[in-house]
Amino acid sequence: LAVLSSWDAIKERTKEYYAFMLLLETGMLGVFISLDFFMFYVFWEIMLVPMYFLIGVWGGERRIYAAIKFFLYTMVGSVLMLVAIISLYLMNGSTSFDFLEILRNIQNGQIVLKPPQQHWLFLAFFFAFAIKVPLFPFHTWLPDAHVEAPTAGSVILAGVLLKMGTYGIVRFCLPLFPESAVTFAPYISVLAIIGIIYGALVAMVQPDVKKLVAYSSVSHLGFVVLGIFAFNIQGLEGAMIQMVNHGISTGGLFLMV
């Protein structure tokens, strides 16, 4: 759909544009199917580059500002996540980056994570994913990126890229650091609730329709994070459904705009 929406919209440098779209797809697929921390991180970073160029070359008037802001925000979170991944690798006896093996070793007690250590690792992962979601107050890159990106970029950003953050929380933060997740859940839930209300109120006063949809995304993803940290089956299933719903409805709204 994103490619089809570019049919009439992209008139110049079409070959490079579609090459970046395919590279972006590769990065996104890699993030969702990697069960190896090293590969996950590689794909997580690969995905940044084509999105940076899609916004920076084919975007609106303030495209360079939006592209650099998007890149820097995500990069800061990624660096913290890299530190946490290397720490887990060293704790695993430097044998493997395999996520399932590390998870198994944590659960059977071969890797012992004391509370302060577990908290720091949880926060490093969570910070990277919270920026991607984006959770309040790490959301300020999103409206700029949405407004300046070409239509297909906005669709993919809303439909897939934001879900990487919530996917990361469910896939890595909760199973690897369950005690830390419980400890920080009240604070994260407060941030999610602020994001829900703040995103909705700011969306109400936007004269720019793309910005309106962008701020509504902050509100929607707040519901997803709140559902995940409710720690019950209804919350988690609701969060999953809302991820799919948001991807379809917001992508559709951007195409209409």
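Everything that follows concerns the structure shown earlier in this document.
Conventions adopted
- Residues numbered from 1 in each chain as written.
- Predicted model: local features only at pLDDT ≥ 70, side-chain atom pairs only at ≥ 80, totals over all residues.
- Heavy atoms only, no water.
- Helix = DSSP H or I, 4+ residues; strand = E, 2+ residues; numbered from the N terminus.
- Rg over C-alpha atoms; globule rule 2.2 N^0.38 Å.
- Buried < 20%, exposed > 50% of the residue type's maximum accessible area, 1.4 Å probe, protein only.
- Contact = heavy atoms within 4.5 Å.
- Lys, Arg positive; Asp, Glu negative; His and termini not counted.
- Charge placed at Lys NZ, Arg CZ, Asp CG, Glu CD.
- Core = buried A, V, L, I, M, F, W, Y, C linked by side-chain atoms within 4.5 Å.
- Polar contact = N/O pair within 3.5 Å; in protein donor to acceptor, adjacent residues only side chain to side chain.
- Salt bridge = Lys/Arg side-chain N within 4 Å of Asp/Glu carboxyl O.

Asker: Sorry if this is basic, but what is going on with the overall build of the chain here?
Answerer: Along its length, the chain carries twelve helices and zero strands. Walking the chain from its N terminus toward its C terminus, one meets helices and strands in the order α-α-α-α-α-α-α-α-α-α-α-α. Relative to the globule expectation of 18 Å for 257 residues, the C-alpha radius of gyration of the chain, 18 Å, shows essentially globular dimensions. In terms of overall dimensions, the chain has C-alpha extents of about 55 × 40 × 30 Å along its principal axes. Expressed as a percentage of its 257 residues, the buried residues of the chain come to 51%. Contacts in the chain between residues far apart in sequence, at least 24 positions, make up 74% of those at least 6 positions apart. Positive and negative side-chain charges of the chain, numbering 13 and 14 respectively, have mean locations separated by a distance of 4 Å.

Asker: Would you mind showing me how to read the nonpolar core here?
Answerer: Generally speaking, soluble globular proteins have nonpolar side chains that are buried together. If you look at the biggest cluster of nonpolar residues, it comprises 73 residues, and the most contacted ones within it are Phe125, Leu161, Leu176 and Phe229. Looking at which element gives the most residues to this core, the answer is helix 9 (residues 151-176), with twelve residues. In this structure phenylalanine 125 touches Phe37, Met81, Ala84, Ile85, Leu88, Cys173 and Phe177, once residues within four positions along its chain are discounted.

Asker: Teacher, can you tell me more about the environment of valine 218 here?
Answerer: Along the chain, valine 218 falls in helix 11 (residues 209-228). The class for valine 218 is buried, based on a relative accessible area of 1%. For the pair valine 218 and proline 137, spaced 81 residues apart in the sequence, the C-alpha separation amounts to 10.0 Å. Excluding residues within four positions of it along the chain, valine 218 makes contact with Pro134, His139, Leu142, Gly195 and Gly199.

Asker: Would you mind showing me how to read the side chain of serine 34 here?
Answerer: Assignment of secondary structure puts serine 34 in the loop between helix 2 (14-33) and helix 3 (37-46). Using a relative accessible area of 7% as the deciding quantity, one classes serine 34 as buried. In terms of polar contacts, serine 34 uses its side chain to reach the backbone carbonyl oxygen of glycine 30, at 2.5 Å. Apart from the residues lying within four places of it in its own chain, the contact partners of serine 34 are Met39, Phe40 and Phe43.

Asker: Which parts of the structure should I look at to understand the pattern of salt bridges?
Answerer: Pairing between side chains becomes possible if they bear opposite charge and their charged atoms approach one another. Tallied over the full model, the rule gives two salt bridges. Arginine 62 is paired through a salt bridge with aspartate 144; the nearest N and O atoms lie 3.6 Å apart. Of this pair, arginine 62 sits in the loop between helix 4 (48-58) and helix 5 (63-91) while aspartate 144 sits in helix 8 (residues 141-148), and the two are 82 residues apart along the sequence. Using a relative accessible area of 42% as the deciding quantity, one classes arginine 62 as partly exposed.

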